[in-house]
Amino acid sequence: MGVLKRYGEHLPISERTPLVNLEEGSTPLVRLDRIGDELGIELTAKLEGCNPSGSFKDRGMVLAVAKALEDGARAVVCASTGNTSASAAAYAAHVGIPCYVLLPSGKVALGKLAQALIYGAKVIAVEGNFDRALEMAREAAAARGFAMVNSVNPYRIISQKTGAWEICESLGRAPDLHVIPVGNAGNISAYWAGYKDFKSWGKISSLPRMIGIQAEGAAPLATGKPCPNPETIATAIRIGNPVSARTALIAAAESGGQFETVTDEEILSAQSMLASRAGVFAEPASCATLAGLVKLSHAGKLPKGAKTTIILTGNGLKDPDTVMSRVGRPIKIGDSMEELLEALS
Ligand code: AN7
């Protein structure tokens, strides 16, 4: 069941809203016991890479596109570090309206670019970073009367709250620590709002501490300083001027949480750890969460036994390049059993 159906009563939909559905949401919440034991916490991961376009963006995009249709929009437009464009293109294709996406040229993972193109979006590579592309997309939306489907669109954030609701329903409570990668800062804002909803509806009694992880080279919230030239291997979160900075800072402050930075090296090492010790392959931005936990653990700042949920926002298959440049190669053999048995030893 897609999120509009599963959570329709809590979302701003009317009889006139088309119930767009790619069966997004209802993603697995997986226990990662081997890694959790090592860190001394009870660790679960929300596998948002299991969404139809392979990232959490689908949760919000489904409502944004449904509302665009309801409002009679002729097309949708977005700027993106990759996943928003893949998601927008998928939903636009599903409902049959044009999609225009602006990408920072040369800085989008291969799988995401392939997705936007195969779904049939018009893809425009901007010689500039994401922050500039977003400004241009907003102006273009206004100039052409297209629906803007970045997270400046309030429906995106509202519908992304469903992730928090699902976690609470799976755990029967909220986690103690909610750890999430932060780029444009919409998702951390959405999750915090979602947890607060569930508390105000009497469905949970405690709220998690919100821990936002940024890449060291793109960390305006963690450092409190503007970041005009963001740079990180985790291209999804290569963002210097987050649109939802204010609500993200409030989420961390209200919840007793914090922002933390991790280096590209720590991100890649966490990606390997997740894959090889949990069987979970997530894209670099998502792995910033585990990198952050490892860092906090080394600093002795991880409460023993804390129920901790990391949001693995995107599928590892979206970005094979960062993996292939550092893993081993297959062992090449001929077609003899002798060579095979030798290779197996
Ligand atoms: C895998 O696609 O901004 O803090 O344009 O793709 O809500 O921005 C993607 C962001 C984390 C950060 N993990 O979420 C885009 C885009 C992954 C992401 C984030 C993104 P926000």
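That block above? That's the structure.
Residues numbered from 1 in each chain as written. Predicted model: local features only at pLDDT ≥ 70, side-chain atom pairs only at ≥ 80, totals over all residues. Heavy atoms only, no water.

Caption draft 1: Geometry of the overall build of the protein. When helices and strands are counted, the protein shows 15 helices and 10 strands. What you see for the protein is a C-alpha radius of gyration of 20 Å, in line with the 20 Å of a compact globule of 345 residues. The principal-axis extents of the C-alpha atoms in the protein amount to approximately 65 × 50 × 40 Å. Long-range pairs, those at least 24 residues apart, make up 71% of the contacts in the protein between residues at least 6 apart in sequence. For the protein, the distance from the average site of its 35 positive side-chain charges to the average site of its 34 negative ones is 6 Å. (Helix = DSSP H or I, 4+ residues; strand = E, 2+ residues; numbered from the N terminus. Rg over C-alpha atoms; globule rule 2.2 N^0.38 Å. Contact = heavy atoms within 4.5 Å. Lys, Arg positive; Asp, Glu negative; His and termini not counted. Charge placed at Lys NZ, Arg CZ, Asp CG, Glu CD.)

Caption draft 2: Looking closely at the sheet that holds strand β9 (residues 258-262). Strand order in this open sheet of six strands is β1-β2-β10-β7-β8-β9, and the pairing throughout is mixed. Of all the strands in the sheet, just β1 (29-31) and β9 have a single pairing partner and so form its edges. Adjacent strand axes in the sheet meet at a mean angle of 25°, parallel and antiparallel pairs treated alike. Sheet topology note: the strand β7 (residues 177-181)/strand β8 (residues 209-215) ladder contains five bridges and is parallel. Across the sheet, the residue bridging to V179 is I211, located in β8. (Pairing = 2+ DSSP bridges. Axes fitted to C-alpha atoms, helices over the stretch in contact; angles between N-to-C directions.)

Caption draft 3: Representation of the environment of N153. The topology assignment puts N153 in the loop between β6 (147-148) and α7 (154-160). When its relative accessible area of 11% is taken as the criterion, N153 is described as buried. It is 18 Å that separates the C-alpha atoms of N153 and P18, two residues lying 135 residues apart in sequence. Reaching out from N153, the side chain makes a polar contact with the backbone oxygen of M148 at a distance of 2.9 Å. A distance of 2.9 Å separates a polar side-chain atom of N153 from the backbone nitrogen of Y155. (Buried < 20%, exposed > 50% of the residue type's maximum accessible area, 1.4 Å probe, protein only. Polar contact = N/O pair within 3.5 Å; in protein donor to acceptor, adjacent residues only side chain to side chain.)

Caption draft 4: Focus on the pairing of β7. Of all five residues making up β7, five are buried, and the element is well covered by its neighbours. Burial of β7 is two-sided: the residues L177, V179 and P181 facing one way and the residues H178 and I180 facing the other way are all buried. As a crossover connection, the stretch from β7 through helix α9 (residues 186-200) into β8 is right-handed. With three bridges connecting them, β7 and strand β10 (residues 307-312) associate as parallel partners. Counted as the bridge partner of L177 is T308 from β10. (Right-handed = clockwise from strand over helix to strand, strands pointing away.)

Caption draft 5: Looking closely at unusual backbone geometry. Look at E23: it is not a glycine, yet its phi comes out positive at around 60°. Positionally, E23 belongs in the loop between α1 (3-6) and β1. Phi at A185 is positive, roughly 75°, even though this residue is not glycine. Tracing the backbone shows A185 in the loop between β7 and α9.

Caption draft 6: Main features of the sheet that holds strand β4 (residues 99-104). The four strands are arranged β5-β4-β3-β6 in an open sheet whose pairing can be described as parallel. Each of the sheet's edge strands pairs with one partner strand only, and the pair in question is β5 (122-126) and β6. In the sheet, strand β3 (residues 76-79) pairs with β6 via two bridges, with the strands oriented parallel. In the sheet register, V77 faces β6, and the bridge partner there is M148. Helix α6 (residues 130-144) contacts β3, β4, β5 and β6 of the sheet and is inclined by roughly 160° relative to β3.

Caption draft 7: Main features of the side chain of S55. Of note, S55 is situated in the loop between β2 (42-47) and α3 (57-70). For S55, a relative accessible area of 0% translates into the label buried. Contacts of S55, omitting those with residues within four sequence positions, involve E48, G49, N83, T313, G314 and K318.

Caption draft 8: Seen up close, α3. Spanning 14 residues, α3 covers 20 Å between terminal C-alpha atoms, matching the ideal 20 Å at 1.5 Å per step. Buried residues dominate α3, accounting for 13 of its 14 residues. Where α3 ends, the next residue or the one after it, G72, has phi of about 75°, a positive value. (Expected span 1.5 Å × (residues − 1).)

Caption draft 9: Inspection of the packing of aromatic side chains at higher detail. Summed over all chains, the structure comprises six aromatic pairs. Centroid distance Y100 to F146: 5.0 Å. Interplanar angle 5°. Geometry classified as stacked. Of this pair, Y100 sits in strand β4 while F146 sits in the loop between α6 and β6; the two residues are 46 residues apart in sequence, bridging distant segments of the chain. Plain terms: the ring middles of W165 and F198 are 6.2 Å apart, the flat faces sit at 10° to each other, and that makes the pair stacked. With W165 in helix α8 (residues 162-171) and F198 in helix α9, this residue pair connects regions lying 33 residues apart in the sequence. Its guanidinium or amino end placed over the ring of F198, K203 lies 5.4 Å from that ring's centre, counting from NZ or CZ. (Phe/Tyr/Trp six-rings, centres within 6.5 Å; stacked < 30°, edge-to-face > 60°. Lys NZ or Arg CZ within 6 Å of the ring centre and 35° of its normal.)

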